[in-house]
Amino acid sequence: MTSSARKMAPVEEQMRILMAGTEFGDEPTRVTMERELRARLEQDRPLRVYCGYDPTRVDLHLGHSVSMRKLRQFQDLGHEVTFLIGSFTATIGDPTGRDKTRPVLTDAEIAENAKTYTDQAFAILDRAKTLIRYNGEWLSKLTFADVTRLTAHYTVQQFMRRENFAKRQENGDPIHVSEFLYAMMQAYDAFELNADVQLGGTDQTFNLFAGRQLQEARGQQPQVCITLPILVGTDGHEKMSKSYGNYIGITEPANDMFGKVMSIPDATIINYFTLLTPLTPVEVDALEASLADGSLRPMDAKKRLGEEITTVFHGADAARDAREYFEATVQRKETPDEMPEHAVVGRTALTDVLREAALVKSNGEVRRLVGEGGLLLNGEKVADFNIEVGPGDEIRVGRHRYLRLVAK
RNA sequence: GCAUGGGUGGGAGAGUGGCUAAUUCCAGCGGACUGUAAAUCCGCCGCCUAACGGCUACGCAGGUUCGAAUCCUGCCCCAUGCACCA
């Protein structure tokens, strides 16, 4: 069989691209998944690939973009990608009822979040080639009998082997039955989509495999589960998450995005290049070598990284501008030409202006700021907070927040 | 339903009658330093007030007391075990 007879790209070429940057719980799993993926690719047809996203949060961050980038690779190779929005799961809320960050949403809220989600996702995905589905389409139609039959495919022991549950069992912490159902809902998604491949973070391994099990039990070919590393946040330790405050949002302005990338620890640079930029593994290896032998300074590597990442979401021009802004403002400590403006009528109390501009929450904060020397008016330290300011004045709060007053 | 343990500032978690706007940690903010918006160090970190001072706050509502996050009563909520139900 010659490769020219194939409609799609050569199997090994696809394998190299698709397996890059993946991470599996253990070696046998990786070997199995690799073998199964190869077998599917040899069928020389577009594979049905999907990844599910929870629409309870409005903001997607770079952590989410890792799996989206992988989806994009599948797209570019001609596979059929579904962006699945977990609308049903979001209407149920957190199974334990404790996690307030996972609120119960109304249909309208979900639709709205989904909209902003997909808008953000299409910075990476090819809009024309992406199917958007909501799991409420099928999950909401299941009857109690359907669900009961679904649960019959699983045993409690399987769930209890999951580390998360085993630990809580040991500690006497509650494990809600609904938590079991969560995995089954995700499994049902895979069955409903008749998925060839599902992507997810390594923390989703259990749920991905639950899908395999269901598919097999119901006569489908079990999906290939491809897991991706959890992206660490800007602190370089914890996983990127809004609740840890260490995230870089996909919709953040270019300057902020660049700046936040600059704040990651040096040790995280290569990891970010691998997971967040279009650079090939070979290029990343070259960068790593240059960093190791000292021919590339971490500062320069990070600027490159910041530009690459910012380019993905804002374009090359904006990324270059962001870099220049960083170099001018942060490194050379220059006052930027452009800064947020705030309209005032005539002379106004400084405290009122800052509060209106939402730079501070209370007058007490202004007092503190002045006492700490963190407030500058036209380049001079403000000694007395009880002053008035007017159009034309430039205020700097802290190191990098600016405000220019204009007439209303 | 019964029993036990809990509900404290953005989060975690001390405090069991005045010394407590409330230890500590995390987050946040400011300063210094730095290749950096990182790390580190120092400081700040309820609201109003120029200040004195005032106000609000420890699940909710009452009460005791000169004085309560801390004691009492009722209620609500959470966790675990048992019971009940199936």
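Here the structure is a predicted model, which is why all the values come from computation and not from measurement.

Draft legend 1. Representation of the overall build of chain A in the model. Secondary structure assignment for chain A yields 18 helices and twelve strands. With the C-alpha coordinates aligned to their principal axes, the bounding extent of chain A is approximately 75 × 50 × 40 Å. With 408 residues in all, chain A has 44% of them scored as buried. In the structure as shown, chain A presents an accessible area of about 20,600 Å², 51% of it carried by carbon and sulfur atoms.

Draft legend 2. Expanded view of the sheet that holds strand 12 (residues 401-407). Here we have five strands laid out as an open sheet, ordered 6-12-11-8-9, and mixed in their pairing. Across the chains shown, the open sheet's two edge strands, defined by having one partner strand only, are strand 6 (341-344) and strand 9 (380-381). Sheet analysis places strand 6 next to strand 12, joined by four bridges and oriented parallel. Bridging from a neighbouring strand, glutamate 341 pairs with arginine 404 of strand 12.

Draft legend 3. Focus on the packing of helix 12 (residues 254-262) against helix 15 (residues 298-314). Orientation of helix 12 relative to helix 15, taken along the N-to-C sense of each, is 145°, at an axis distance of 9 Å. Considering how the two elements wind past one another, helix 12 and helix 15 form a crossing that is right-handed. Together, Ala254, Met257, Phe258, Val261 and Met262 of helix 12 and Met299, Lys302, Lys303, Leu305, Gly306, Glu307, Ile309, Thr310, Phe313 and His314 of helix 15 make up the contact between the two elements. Within the contact of helix 12 with helix 15, the residues separate by chemical class into nine nonpolar, three polar and three charged.

Draft legend 4. Expanded view of unusual backbone geometry. Backbone geometry places aspartate 44, a non-glycine residue, at a positive phi of 55°. By the secondary structure assignment, aspartate 44 is in the loop between helix 2 (27-41) and strand 1 (48-53). The phi angle at asparagine 194 is positive, at roughly 50°, despite the residue not being glycine. The residue asparagine 194 is located in the loop between helix 10 (177-193) and strand 4 (197-201) in this model.

Draft legend 5. Looking closely at a negative patch on the surface. Side chains of Asp321, Glu324, Asp337 and Glu338 sit close together on the surface and give a patch of like negative charge. Along the chain, glutamate 338 falls in the loop between helix 16 (316-331) and strand 6. Here glutamate 338 falls in the exposed class, since its relative accessible area comes to 71%.

Draft legend 6. Quick peek at the nonpolar core. One finds Leu37, Val197, Tyr272 and Ile309 to be the most contacted residues of the largest nonpolar core, which totals 59 residues. Examining the composition of this core, we find that six residues originate from one element, helix 13 (residues 269-276), more than from any other. Each of domain 1 (11-228) and domain 2 (252-331) contributes no fewer than three residues to this core. Every residue in contact with isoleucine 309, bar those within four places of it in the chain, is listed here: Leu62, Met257, Val261, Tyr272, Leu276 and Thr277.

Draft legend 7. Structural detail: the environment of serine 241. Among the structural elements, serine 241 can be located in the loop between strand 5 (224-228) and helix 12. Looking at serine 241, the relative accessible area reads 10%, which means it is buried. In the structure, serine 241 is positioned 179 residues away from leucine 62 in sequence and 9.4 Å away in space, judged by C-alpha atoms. Setting aside its immediate chain neighbours within four residues, serine 241 contacts His61, Asn246 and Tyr247.

Draft legend 8. How the structure looks around helix 2. Its 15 residues place the ends of helix 2 21 Å apart at the C-alpha level, agreeing with the 21 Å of an ideal helix rising 1.5 Å per residue. Of all the residues in helix 2, the buried ones are Thr29, Met33, Glu36, Leu37, Arg40 and Leu41. Buried residues along helix 2 cover an arc of 135° about the axis, so they all sit on one side. Projecting away from the buried face of helix 2 at angles above 90 degrees are the exposed residues Pro28 and Arg35. Residues of helix 2 that are buried in the fold lie against helix 1 (11-19), strand 4, helix 11 (205-217) and strand 5.

Draft legend 9. Representation of the domain arrangement of chain A in the model. Domain boundaries in chain A define domain 1 (11-228), domain 2 (252-331) and domain 3 (341-407). Once you take the C-alpha centre of each, domain 2 and domain 3 turn out to be 33 Å apart.

Draft legend 10. Layout of the sheet that holds strand 2 (residues 80-85). A sheet is described by the order of its strands in space; here five strands give the open sequence 3-2-1-4-5, paired in parallel fashion. The open sheet has two free edges, formed respectively by strand 3 (130-134) and strand 5, since each of these has just one partner strand. In this sheet, neighbouring strand axes are inclined to one another by 25° on average, regardless of whether the strands run parallel or antiparallel. For strand 1 and strand 4, the ladder comprises two bridges, and the chain directions are parallel. Residue tyrosine 50 lies in a different strand from strand 4, and its bridge partner there is glutamine 198. Against the sheet, helix 2 engages strand 4 and strand 5, with an angle of about 125° to strand 5. Each of strand 4 and strand 5 is contacted by helix 11, which is oriented at about 170° to strand 5, the strand it contacts most.

What counts, and at which threshold
Residues numbered from 1 in each chain as written. Chains lettered and ligands numbered in written order. Predicted model: local features only at pLDDT ≥ 70, side-chain atom pairs only at ≥ 80, totals over all residues. Heavy atoms only, no water. Helix = DSSP H or I, 4+ residues; strand = E, 2+ residues; numbered from the N terminus. Buried < 20%, exposed > 50% of the residue type's maximum accessible area, 1.4 Å probe, protein only. Areas by Shrake-Rupley, 256 points an atom, 1.4 Å probe, with all protein chains shown as cover. Pairing = 2+ DSSP bridges. Axes fitted to C-alpha atoms, helices over the stretch in contact; angles between N-to-C directions. Left-handed = near helix turned anticlockwise from the far one by under 90°. Contact = heavy atoms within 4.5 Å. Nonpolar A, V, L, I, M, F, W, Y, C, P; charged D, E, K, R; others polar. Patch = residues over 30% accessible without salt bridge, like charges linked within 9 Å, V, L, I, M, F, W, Y side chains within 5 Å. Salt bridge = Lys/Arg side-chain N within 4 Å of Asp/Glu carboxyl O. Lys, Arg positive; Asp, Glu negative; His and termini not counted. Charge placed at Lys NZ, Arg CZ, Asp CG, Glu CD. Core = buried A, V, L, I, M, F, W, Y, C linked by side-chain atoms within 4.5 Å. Domains from an automatic or database assignment. Expected span 1.5 Å × (residues − 1). Arc of directions from axis to C-beta.

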